[in-house]
Amino acid sequence: MKFPIIAYGDPVLRRKATAIEPDEYPHIKELVENMFETMYGAHGVGLAAPQVGLSMRLFVIDASTFGDDDPSLKDFKKAFINANILDETGDEWAFNEGCLSIPEIREDVYRKPVVTLSYYDEDWKHHEETFKGMAARVIQHEYDHIEGKLFTDKLNPLRKRMIEKKLNDISKGIVDVDYKMKFPAAKKGR
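To keep things clear, this report deals only with the structure shown in the data block. Quick caveat, the model's predicted, so the values are computed rather than measured.

**Thoughts on the environment of Val45**
Argument step 1. Following the sequence through the fold, Val45 ends up in the loop between helix 1 (28-41) and strand 2 (46-48).
Argument step 2. Overall, Val45 belongs to the partly exposed group, its relative accessible area being 24%.
Argument step 3. A C-alpha to C-alpha distance of 23 Å links Val45 and Ala19, two positions 26 residues apart in sequence.
Argument step 4. Residues contacting Val45, with those up to four places away along its chain left out, are Met39, Val60, Ile61, Asp62, Ala63, Thr65, Phe66 and Val138.

Shown next, in the form of structure tokens:
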């Protein structure tokens, strides 16, 4: 089942998501599959639960599209539950990022190249792993979502002001997307 993706401006995207327990979500595998289906339908490489209106510490990533440039990502498809970043290291590097909740806007964002993470998979198996390069970047982007942050928060103030109108238009639904979205400031009955 594909969920509508929550657009910029919705308060759920700014809320720090809460940890979940196995007994609270006995159908977590179904939710994870629905999130992957939603992400693929929107041509994304990552999707966090707040982006589908659920304020929980869950995100999914399929970075296999970067497999040509980085063979270690050829089969990189994972779910991350109750993730916590333990460490970020290295010299920050820029990459042009986008976000399914902020369509039609892409900006250079600086992130550290190595991240160590503690998380559970959809079988509730605990992992502590270190990720590098593009995998680390995608994880950090999705992790920001469960912390109530967006990639636009990392832009300098001048750049933020330059895209402010576009951001406001997105929240009103004035944007061209080929996937279903919910817009917080859209006029009803349009």
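Read on, since the account is not over.
**Considering the sheet that holds strand 4 (residues 77-89)**
Argument step 1. A sheet is described by the order of its strands in space; here five strands give the open sequence 2-3-4-7-8, paired in antiparallel fashion. Each of the sheet's edge strands pairs with one partner strand only, and the pair in question is strand 2 and strand 8 (126-132). Pairwise comparison of adjacent strand axes, ignoring direction, gives a mean angle of 40° for this sheet.
Argument step 2. Strand direction decides the pairing type here: strand 2 and strand 3 (residues 58-62), joined by three bridges, are antiparallel. Pairing of Leu47 across the sheet is with Val60, part of strand 3.

**Notes on unusual backbone geometry**
Argument step 1. Positive phi, normally seen in glycine, also occurs at His43, with a value near 60°.
Argument step 2. Inspection of the secondary structure puts His43 in the loop between helix 1 and strand 2.

**A few points about the nonpolar core**
Argument step 1. Of all hydrophobic cores here, the largest spans 37 residues; its most connected members are Met35, Leu47, Leu58, Val60 and Ile102.
Argument step 2. Listed by contribution, the elements that provide at least two residues to this core are strand 1 (5-6), helix 1, strand 3, strand 4, strand 6 (102-111) and helix 3 (157-172).
Argument step 3. Of all the elements, helix 1 adds the most residues to this core, at six residues.
Argument step 4. Excluding its chain neighbours within four sequence positions, the residues that come into contact with Leu47 are Ile5, Met35, Thr38, Met39, Val52, Phe59, Val60, Leu100 and Glu142.

**Examining the pairing of strand 5 (residues 93-99)**
Argument step 1. Of the strand pairs in this sheet, strand 5 and strand 6 are connected by six bridges, and their pairing is antiparallel. Note on strand 6: the bridge partner recorded for Phe95 is Val109.
Argument step 2. Hairpin connection, strand 5 to strand 6: the antiparallel pair is bridged by two residues.

**Describing the pairing of strand 4**
Argument step 1. Here strand 3 pairs with strand 4 via five bridges, running antiparallel. By the bridge assignment for strand 4, Leu58 is matched with Ile81.

**Quick word on a negative patch on the surface**
Argument step 1. Taken together, the side chains of Asp87, Glu88, Asp91 and Glu92 present a region of like negative charge at the surface.
Argument step 2. Relative to the helices and strands, Glu88 resides in strand 4.

**A closer look at the layout of surface pockets**
Left-over empty space is what a probe sized like a water molecule reveals as it rolls over the atoms.
Argument step 1. Of the volumes computed, that of the largest pocket is approximately 420 Å³.
Argument step 2. Contributing elements (two or more residues each) for the lining of the largest pocket: strand 5, strand 6 and helix 2 (133-146).
Argument step 3. Tallying contributions element by element places helix 2 first for the lining of the largest pocket, with six residues.
Argument step 4. Counting residues per element, the ones that place at least two in the lining of the second largest pocket are strand 4, strand 6 and helix 2.
Argument step 5. Looking at the lining of the second largest pocket, the element that brings in the most residues is helix 2, giving three residues.
Argument step 6. Split by residue class, the lining of the second largest pocket holds three nonpolar, one polar and eight charged.

Reading guide: rules and limits
Residues numbered from 1 in each chain as written. Predicted model: local features only at pLDDT ≥ 70, side-chain atom pairs only at ≥ 80, totals over all residues. Heavy atoms only, no water. Helix = DSSP H or I, 4+ residues; strand = E, 2+ residues; numbered from the N terminus. Buried < 20%, exposed > 50% of the residue type's maximum accessible area, 1.4 Å probe, protein only. Contact = heavy atoms within 4.5 Å. Pairing = 2+ DSSP bridges. Axes fitted to C-alpha atoms, helices over the stretch in contact; angles between N-to-C directions. Core = buried A, V, L, I, M, F, W, Y, C linked by side-chain atoms within 4.5 Å. Patch = residues over 30% accessible without salt bridge, like charges linked within 9 Å, V, L, I, M, F, W, Y side chains within 5 Å. Areas by Shrake-Rupley, 256 points an atom, 1.4 Å probe, with all protein chains shown as cover. Salt bridge = Lys/Arg side-chain N within 4 Å of Asp/Glu carboxyl O. Lys, Arg positive; Asp, Glu negative; His and termini not counted. Charge placed at Lys NZ, Arg CZ, Asp CG, Glu CD. 1 Å grid on protein atoms, 1.4 Å probe; cavity = no way out; pocket = protein on both sides within 12 Å on 5 of 7 lines; lining within 4 Å. Points joined across faces, edges and corners; volume = space filled by probe spheres on them. Nonpolar A, V, L, I, M, F, W, Y, C, P; charged D, E, K, R; others polar.

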